[in-house]
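# Reading the structure
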Amino acid sequence: MKVLVVGGGGREHAIIKKLKENKEIEKIYALPGNGGMANDAECVAIGAKDIPAIVEFAKTHDIGFAVVAPDDPLVLGAVDELQKCGIPCFGPEKKAAIIEGSKVFSKNLMKKYGIPTAAYEVFDSAEKALKYLETAPIPTVIKADGLALGKGVIIAMTRSEAADAVKTIMEDKAFGESGNQIVIEEYLEGPEVSVLSFTDGKTVVPMISSMDHKRAHDNDEGLNTGGMGTVAPNPYYTPEVAERCMKEIFLPTINAMNAEGRTFKGCLYFGLMITKNGPKVIEYNCRFGDPETQVVLPLLESDLFEIMKSVAAGTLSETEVKFSQKHACCVVMASDGYPQKYQTGFEITMPADKNIYVAGAKLDGGKLLTAGGRVLGVTETADTLENAVKKAYETVGTVHFENAYYRKDIGKKALEV
Ligand code: AMP
Ligand code: GLY
């Protein structure tokens, strides 16, 4: 079978490498993919948001199954359009992807169905939001309603920072239409846990938990990024927490989406905070996380393609989803300066036999050159977290490109638990 994967980052590279273990798959196309995954998939220069071109490609290339990985095409309805042409897909339809596409939707869903999350108010005018902020508890959290490349959340430690955030989102339109509405919510404290799950709308199977490292610099300093590294499992996700999450969050969310006529099929990502009052939802994503996928899938012992097909067919309860008892660590190597200004175009050399997931690179005359902020992620697994971290940094030492920057403390916080 020929399989199409929409997307082009490290997450997609990890999905593709795992799919390749299935013998039924004869060929994988990545749209657009990137030069660093050219050995694993045929990369085709079609943007992940260009849905008409994606559908046309699928129709003319005998595609038997499609995996839509990034948020934008999911929220825009890529799965709906591919399914209309008879192509089975892994990923939610547009009406379910709204769980990530609109924070106002997801917060109202949680309130309606009693799913634990931060208390909040919704505003559609800057004037009303600013008035509310005059007496709101501080710190507070301001979130643009729509997708904002992971930048639409501002933690305001003072009243004036909060007011500035409202102005940036609603008046200066820093995130365009995504800022037509905002959520202002209670500031929560506690360790964060990412739980990706497979669901066909009937059964929900959590994957191994993970911990992201979002800030650019060591000790969680510097700007927020797309993620500088991950470890799995997350030590804060104890069996007791997992049980509460299943009962209070995972199943209620699946049931709530069904009750709303928005059955979710695909990977539902629960961004959780373990507060002193129990686990609460910080965010839902309608897709695999990046770089969470780069530590979760290397620990998956079952066949990813079989799982994805069963999610699409609604037979997940009959399919084995088994994770290894090992630990994984992914260290992201970025271009120095990311997430702000950085230079690209430097040659990358790296070992071929390692779990290296390439995100920002292009092929140029047979050479692999850096072409993005986050360039690649190096994942290692081991029997202990300590060894997984040690091995990951050893492998990082064998990857070279000018201007490389990476955090030196991925896994440190998890090791201290
Ligand atoms: P998001 O873009 O929704 O993943 O949010 C980015 C980060 O902001 C999260 O990973 C949290 O660290 C933080 N955050 C979001 N909502 C809250 C909240 N209500 N309280 C404290 N921190 C939050
Ligand atoms: N690593 C966070 C995300 O994928 O949204």
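A quick note: this is a predicted structure, and the numbers were derived from the prediction, not measured. (Residues numbered from 1 in each chain as written. Chains lettered and ligands numbered in written order. Predicted model: local features only at pLDDT ≥ 70, side-chain atom pairs only at ≥ 80, totals over all residues. Heavy atoms only, no water.)

### Considerations on the overall build of the chain
Counting secondary structure elements, the chain contains 13 helices and 23 strands. A compact globule built from 417 residues would reach a C-alpha radius of gyration of about 22 Å, and the chain, at 21 Å, matches this within 12%. Expressed along its principal axes, the backbone C-alpha trace of the chain runs to roughly 60 × 45 × 45 Å. Residue burial in the chain is summarised as follows: out of 417 residues, 54% are buried. Long-range pairs, those at least 24 residues apart, make up 67% of the contacts in the chain with a sequence separation of at least 6. When the accessible area of the chain is evaluated, it comes to approximately 17,500 Å², of which 49% is carbon and sulfur surface. (Helix = DSSP H or I, 4+ residues; strand = E, 2+ residues; numbered from the N terminus. Rg over C-alpha atoms; globule rule 2.2 N^0.38 Å. Buried < 20%, exposed > 50% of the residue type's maximum accessible area, 1.4 Å probe, protein only. Contact = heavy atoms within 4.5 Å. Areas by Shrake-Rupley, 256 points an atom, 1.4 Å probe, with all protein chains shown as cover.)

### Some remarks on the side chain of E292
Mapped onto the fold, E292 is located in the loop between β17 (278-285) and α10 (293-296). Here E292 occupies a buried position and makes no salt bridge, while the nearest side chain of opposite charge, K214, is found at 5.6 Å. Setting aside residues up to four positions removed in sequence, E292 forms contacts with S194, L196, S210, D212, T230 and Y269. (Lys, Arg positive; Asp, Glu negative; His and termini not counted. Salt bridge = Lys/Arg side-chain N within 4 Å of Asp/Glu carboxyl O.)

### Here we look at the side chain of S210
Within the element layout of this structure, S210 appears in the loop between β11 (204-206) and β12 (211-212). Look at S210 and you get buried, because its relative accessible area is 0%. Those residues in contact with S210 that lie beyond four places of it in its chain are V193, S194, V231, A232, N234, E292, V295 and V296.

### A word on the pairing of strand β1 (residues 2-7)
In terms of residue burial, β1 counts as a mostly covered element, since five of its six residues are buried. Bridge analysis of β1 against strand β4 (residues 63-68) gives five bridges, and the strand direction is parallel. Pairing of V6 across the sheet is with V68, part of β4. The sheet contact formed by β1 and strand β2 (residues 27-32) spans six bridges and is parallel. Among the inter-strand pairings, V5 is bridged to a residue of β2, identified as A30. For the crossover that starts at β1, traverses helix α1 (residues 10-19) and ends in the parallel β2, the hand is right-handed. (Pairing = 2+ DSSP bridges. Right-handed = clockwise from strand over helix to strand, strands pointing away.)

### Thoughts on the site of ligand 1
If you check the shell around ligand 1, you find 15 residues, and the closest are E185, E186, L188, E192 and E283. Contacts to ligand 1 include E186, whose backbone N or O atom sits 2.9 Å from a nitrogen atom. Contacts to ligand 1 include L188, whose backbone N or O atom sits 2.9 Å from a nitrogen atom. Coverage of ligand 1 by the protein chains reaches 89% of its 480 Å² of free accessible surface. For the shell around ligand 1, the elements supplying multiple residues, two or more each, are β7 (140-144), β8 (153-156), β9 (182-186) and β17. Residue composition of the shell around ligand 1, grouped by class: eight nonpolar, no polar and seven charged. (Near = heavy atom within 4 Å. Polar contact = N/O pair within 3.5 Å; in protein donor to acceptor, adjacent residues only side chain to side chain. Nonpolar A, V, L, I, M, F, W, Y, C, P; charged D, E, K, R; others polar.)

### Points about the environment of L376
The residue L376 is located in strand β22 (residues 374-382) in this model. Expressed as a C-alpha distance, the spacing of L376 and R11, which sit 365 residues apart in the sequence, is 10.0 Å. Dropping the residues within four chain positions of it, L376 is found in contact with V331, V332, M333, I348, M350, I356, Y357, V358, A359, V399 and F401.

### Comments concerning the sheet that holds β9
The strand order β6-β9-β7-β8 describes an open sheet built from four strands, whose pairing is antiparallel. Since the sheet does not close on itself, it has two edges, and those belong to β6 (120-123) and β8, each with one partner. Going across the sheet, the axis of each strand differs from the next one's by a mean of 20°, ignoring polarity. As defined by bridge partners, β7 adjoins β8 across four bridges and the pair is classed as antiparallel. In the sheet register, T140 faces β8, and the bridge partner there is A156. Of the strands in this sheet, β6, β7, β8 and β9 are in contact with helix α6 (residues 103-112), which crosses β6 at around 140°. This element, helix α8 (residues 159-171), spans β6, β7, β8 and β9 of the sheet and lies at about 5° to β7. (Axes fitted to C-alpha atoms, helices over the stretch in contact; angles between N-to-C directions.)

### As for the sheet that holds strand β10 (residues 192-199)
A sheet is described by the order of its strands in space; here four strands give the open sequence β11-β10-β16-β17, paired in antiparallel fashion. Each edge of the sheet is formed by a strand with only one pairing partner; in this case those strands are β11 and β17. When the angles between neighbouring strand axes are averaged without regard to direction, this sheet yields 35°. Looking at chain direction, β10 and strand β16 (residues 266-275) are connected through eight bridges and run antiparallel. Paired with L196 across the bridge in β16 is Y269.

### Brief notes about the pairing of β4
Most of β4 is tucked away, with five of its six residues classed as buried. In terms of strand pairing, β4 meets strand β5 (residues 89-90) through two bridges, oriented parallel. Its bridge partner lying in β5, A66 is registered against C89.

### Re helix α5 (residues 94-101)
Of all the positions in α5, only A96, A97, I99, E100 and G101 are classed as buried. Residues of α5 that are buried sit in contact with α3 (71-76), α6, α9 (239-259), β16 and β17.

### Focus on the environment of A41
Following the sequence through the fold, A41 ends up in the loop between β2 and β3 (42-43). Residues A41 and T135, 94 residues apart in the sequence, show an inter-C-alpha distance of 54 Å. When sequence neighbours within four positions are dropped, the list of residues in contact with A41 reads I16, I28 and A30.

### Some words on the packing of α1 against helix α11 (residues 304-313)
Contact pair α1 / α11: the axes reach a minimum separation of 8 Å and the direction vectors enclose 105°. The angle between the axes of α1 and α11 places the two elements in the roughly perpendicular class. Where α1 approaches α11, its residues I15, K18 and L19 are matched on the opposing element by L304, F305 and M308. (Parallel < 35°, antiparallel > 145°, perpendicular 65-115°, else oblique.)

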